[in-house]
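Working through the structure, step by step
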Amino acid sequence: MQDTLTDAQICQPENMVYCRTALMTQAPLSYCPGCGHGTAHRLIMEVIEEMKMQANTIGVAPVGCSVLAYDFLDIDMQQAAHGRAPAVATGIKRLYPDKFVFTYQGDGDLAAIGTGETIHACNRGENITIFFVNNGIYGMTGGQMAPTTLPGMKTATSPFGRDTETMGHPLKITELIANLPGTYFVSRQSVHTPANVRKAKKAIEKAIQYQKLNKGLNFVEIVSNCNSGWKMTPLESNKWMEENMFPFYPLGDIKVPK
Amino acid sequence: MATVKGRIVIDTERCKGCQLCAPACKEGTIAMSKNLNSKGYQFATSINDDCTGCINCALVCPDGAITVYRVKLN
Amino acid sequence: MKEIRLMKGNEAIAEGVIRAGCDGYFGYPITPQSEVLEYLMANKTKERTGMIVLQAESEIASIHMVYGGAASGKRVMTSSSSPGISLMQEGISFMAGTELPCLLLNVVRGGPGLGTIQPSQSDYFQAVKGGGHGDYKMIVLAPASVQEMYDFAKLGFELAFKHRIQVMVLSDGAIGQMMEKVELDEQVPRWTDEEIVKLHPWSTTGKTPDRERNIITSLDLNPVKQEIINRNLQKKFKHIEETEVRFERIMCDDAEYLFVAYGSSARICQKAVSLGRAKGIKVGLLRPITLFPYPSKELEKLAKQVKGMLSVEMSAGQMVEDVRLSVNGAVPVEHYGRLGGIIPAPDEVLNVLEEKFIKENLLCKTH
Ligand SMILES: Cc1ncc(C[n+]2csc(CCOP(=O)(O)OP(=O)(O)O)c2C)c(N)n1
Ligand code: SF4
Ligand code: SF4
Ligand code: SF4
Ligand SMILES: [Mg+2]
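Residues numbered from 1 in each chain as written. Chains lettered and ligands numbered in written order. Predicted model: local features only at pLDDT ≥ 70, side-chain atom pairs only at ≥ 80, totals over all residues. Heavy atoms only, no water.

1. Description of the overall build of chain A
Of regular secondary structure, chain A possesses eleven helices and ten strands. What you see for chain A is a C-alpha radius of gyration of 19 Å, in line with the 18 Å of a compact globule of 258 residues. Judged by the C-alpha coordinates and their principal axes, chain A covers about 70 × 45 × 35 Å. Counting only residues that meet the buried cut, chain A has 60% of its 258 residues in that class. Here the contacts in chain A between residues at least 6 apart in sequence split such that 68% fall between residues at least 24 apart. Summed over all atoms, the accessible surface of chain A reaches about 9,600 Å², with 56% contributed by carbon and sulfur. Charge centroids of chain A, computed over 23 positive and 23 negative side chains, lie 7 Å from each other. (Helix = DSSP H or I, 4+ residues; strand = E, 2+ residues; numbered from the N terminus. Rg over C-alpha atoms; globule rule 2.2 N^0.38 Å. Buried < 20%, exposed > 50% of the residue type's maximum accessible area, 1.4 Å probe, protein only. Contact = heavy atoms within 4.5 Å. Areas by Shrake-Rupley, 256 points an atom, 1.4 Å probe, with all protein chains shown as cover. Lys, Arg positive; Asp, Glu negative; His and termini not counted. Charge placed at Lys NZ, Arg CZ, Asp CG, Glu CD.)

Here it is in structure tokens:
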């Protein structure tokens, strides 16, 4: 008899074990098929929903593919100029020390044009949370070289591969800021497999939870794919990411509270 | 002996046909449909009854297109 | 009895913002205005009113901190001098696009480049014509005394929130550094977070179930919508031009010649008016207090009465363009300026006025 349960009998609200969080809006995501931005958004919103923090949260969107994050996240949000999100978040948090304030930034935004704002927010130990999506490329503007682009990696502005002699070396900004006394929790994750999604969510939970301690800046990097910029299918891009990005940007916690 | 039974419901209009969910499923429950949704994407679809409701597919779906149900048997 | 103190211009505006209920100041040191940040720090504003003061890593960071605070409905400000204000243009443009209220102080020094640390009025164009990218204006207030430095703190915040616009106090090194007596008024209480939610329902304070989420953005990729947004901005600027013009008329009623000058130059010209009157020259001074909106209508009226106008500025001739636009050829308009941080003397500007208009006329008559 049990084997004859119909779809309708199973698909009842009380049996639901997973659905898109209500804190994601109905708007279809503007991201390319398979892009990790969508998963990263969802995890952050899941945690905010589970912690019942919607009314207490102010988010800051960057310039990059996630410039329209505020269309998808059902929370109060500000759109910052390219790279300035950590300064914007500093302004909010200093004036609203009891709110949860976070930025969501790409690698060009955070590690190129916004390096100064990033490092100084970290160094001052601003009690904000930064979610950093590193896809090694400028996704939004059509796949140009980013500070995080791997050596030899082909992009629109390094068509023969990144030549470190003339184009510099990829910047491990996460390791860099982990060295600053102002950061409290620093972790690097990915969201391309179920196991990685689960780990990333735990790190996001901590980065949000820890903000309440006022112990400094919490930072989660998500190494992600840009299948459009990398010119691969989503599945290929995830494989390429495992083989090439992870050796250079190893996953795991980089700085954990004692 | 299976002690749980799962089902997925895919929002085919939200699905972008990225295929990330299919290899995430150990039960081989998901494949890409031959049909296209209104945006022209070949959406994902459930092809067998072996779903255990493990939610792995939903976790990796960037567009949040998958809802998962699970019932415990006996 | 009002409290009276002898203060520097920069200190006066710092005291002014504290008393105006300012919530946050974000800034970076630069001469000749570092006293603002120094005064605020020394005054332990956190303990006095709860006001936050933060030294940022750059002017770029400062203005974007201001953006964050303003977008959450707080009274926030920054101050700097010319090179620093140039760095802030990105943030100012973003605040224009998102209609965020804030107070900005530029204690102008000479440029271009590092220029000099001496007073100048060479940032008029940048302040009045919209120094950053895009079609926008901000309200620009030009203090000519230490008292006005103080007063424009409160007025600036009032106008900023009334119109959801950036208000710049365009001062200069002379006004910033000089000492005069200042009448202080009562402390305006800072808004509570609950008051902000009520007063500024657009601000990002956290989405509660009783309302839709608030979004502060200057982006709209739809050209039709973007045009509407821009047209509405222009409507607002027009409204401000119609309602917020401020100026001072000094000996204008019977004037045959007119100085037009703001800030430090206006003080010089006021003295020159006295010198001229003593010589029997019927000269007056129109002192624009708001540089945007500009007192064009007043100048247009005066153009029917006077024989010539002399725009006196510590610049190579910036405001003079607005004087000319205002009178539209009705009377001759000349410019006199000193550059590089030199403040002209009253007899010097009176001489110029006489040479440009009066002696020339005599010459014409004898020919
Ligand atoms: C001041 C400024 N310079 C340049 C740009 C153009 N621009 C937009 S997004 C972008 C790069 C974004 O890359 P990243 O931060 O890595 O985000 P992604 O799109 O890869 O997620 C650039 C250069 C801009 N909008 N503003
Ligand atoms: S361009 Fe790259 S980063 Fe941007 S949405 Fe597409 S895949 Fe994602
Ligand atoms: S819930 Fe688990 S078993 Fe069911 S389809 Fe998804 S991945 Fe497969
Ligand atoms: S992961 Fe989501 S969007 Fe991608 S094919 Fe599966 S259901 Fe569709
Ligand atoms: Mg990127």
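Back to the text.
2. As for the overall build of chain B
Scanning chain B from N- to C-terminus turns up two helices and four strands. For chain B, the α and β elements follow one another from N to C terminus as β-α-β-β-α-β. In terms of overall dimensions, chain B is globule-like: its C-alpha atoms have a radius of gyration of 12 Å, near the 11 Å expected for 74 residues. Relative to its 74 residues, chain B shows a buried fraction of 54%. Taken as a whole, chain B presents about 3,500 Å² of accessible surface, with 50% of it coming from carbon and sulfur. Side-chain charges of chain B comprise 9 positive and 6 negative groups, with the mean position of each set lying 4 Å from the other.

3. Here's the deal with the confidence of the model for chain B
Of all residues in chain B, 97% attain a pLDDT of 70 or more, and the chain-wide mean is 95. Both confidence scores are given for the complex: pTM 0.97, ipTM 0.97. (pLDDT = per-residue confidence, 0-100.)

4. Brief notes about the interface of chain A and chain B
Contacts between the two partners involve 36 residues from chain A, matched on the other side by 31 residues from chain B. Area buried by chain A at its contact with chain B is led by Ile 10, Val 17 and Tyr 18 of chain A, which between them contribute 20% of it. At the junction of chain A and chain B, the tally comes to one salt bridge. The salt bridge involving Asp 7 of chain A is made with Arg 7 of chain B; its shortest N-O contact spans 2.3 Å. In this structure, the connection of chain A to chain B is made through 13 residue pairs in polar contact (both at pLDDT 80 or more). (Buried area = accessible area lost by both parts, 1.4 Å probe. Salt bridge = Lys/Arg side-chain N within 4 Å of Asp/Glu carboxyl O. Polar contact = N/O pair within 3.5 Å; in protein donor to acceptor, adjacent residues only side chain to side chain.)

5. Remarks on the sheet that holds strand E3 (residues 76-79) of chain A
Reading across from one edge, E10(A)-E8(A)-E9(A)-E5(A)-E4(A)-E2(A)-E3(A)-E9(C) is the order of the eight strands in this open sheet, with mixed pairing throughout. Unpaired on one side and paired on the other, strand E10 (252-255) of chain A together with strand E9 (215-216) of chain C mark the two borders of the sheet. Pairing geometry for E3 of chain A and E9 of chain C, over two bridges, is parallel. Note that in E9 of chain C the partner of Gln 78 of chain A across the bridge is Ile 216 of chain C. Its contacts with the sheet place helix H4 (residues 85-95) of chain A against strand E2 (57-61), E3, strand E4 (100-106) and strand E5 (129-134) of chain A, and it is angled at close to 175 degrees to E4 of chain A. Where helix H4 (residues 59-71) of chain C meets the sheet, its contacts fall on E3 of chain A together with E9 of chain C, and the angle it forms with E3 of chain A comes to roughly 150 degrees. (Pairing = 2+ DSSP bridges. Axes fitted to C-alpha atoms, helices over the stretch in contact; angles between N-to-C directions.)

6. Brief notes about the interface of chain C and chain A
Residue-level contacts link 34 residues of chain C with 33 residues of chain A. Here chain C and chain A share four salt bridges between them. Residue Arg 211 of chain C pairs with Asp 76 of chain A through a salt bridge whose shortest N-O separation is 2.7 Å. Across the contact surface, chain C and chain A share 19 residue pairs in polar contact (both at pLDDT 80 or more). Those elements that provide at least two residues to the side of chain C that touches chain A are strand E2 (24-27), strand E3 (52-55), H4, helix H6 (89-98), helix H10 (193-199) and E9 of chain C. Residues that form the side of chain C that touches chain A fall into these classes: 14 nonpolar, twelve polar and eight charged. (Nonpolar A, V, L, I, M, F, W, Y, C, P; charged D, E, K, R; others polar.)

7. Things to note about the nonpolar core
Judged by nonpolar contacts, the single largest core of 122 residues is most densely connected at Val 17, Leu 40, Leu 258, Leu 291, Leu 299 and Met 309 of chain C. With ten residues, helix H8 (residues 146-163) of chain C is the single largest residue contributor to this core. The contact partners of Val 17 of chain C, leaving out residues within four places of it in the chain, are Cys 22, Leu 40, Met 51, Met 77, Leu 103, Ala 153 and Phe 157 of chain C. With 59 residues, the next largest nonpolar core counts Met 53, Ala 61 and Tyr 70 of chain A together with Phe 43 of chain B among its residues. (Core = buried A, V, L, I, M, F, W, Y, C linked by side-chain atoms within 4.5 Å.)

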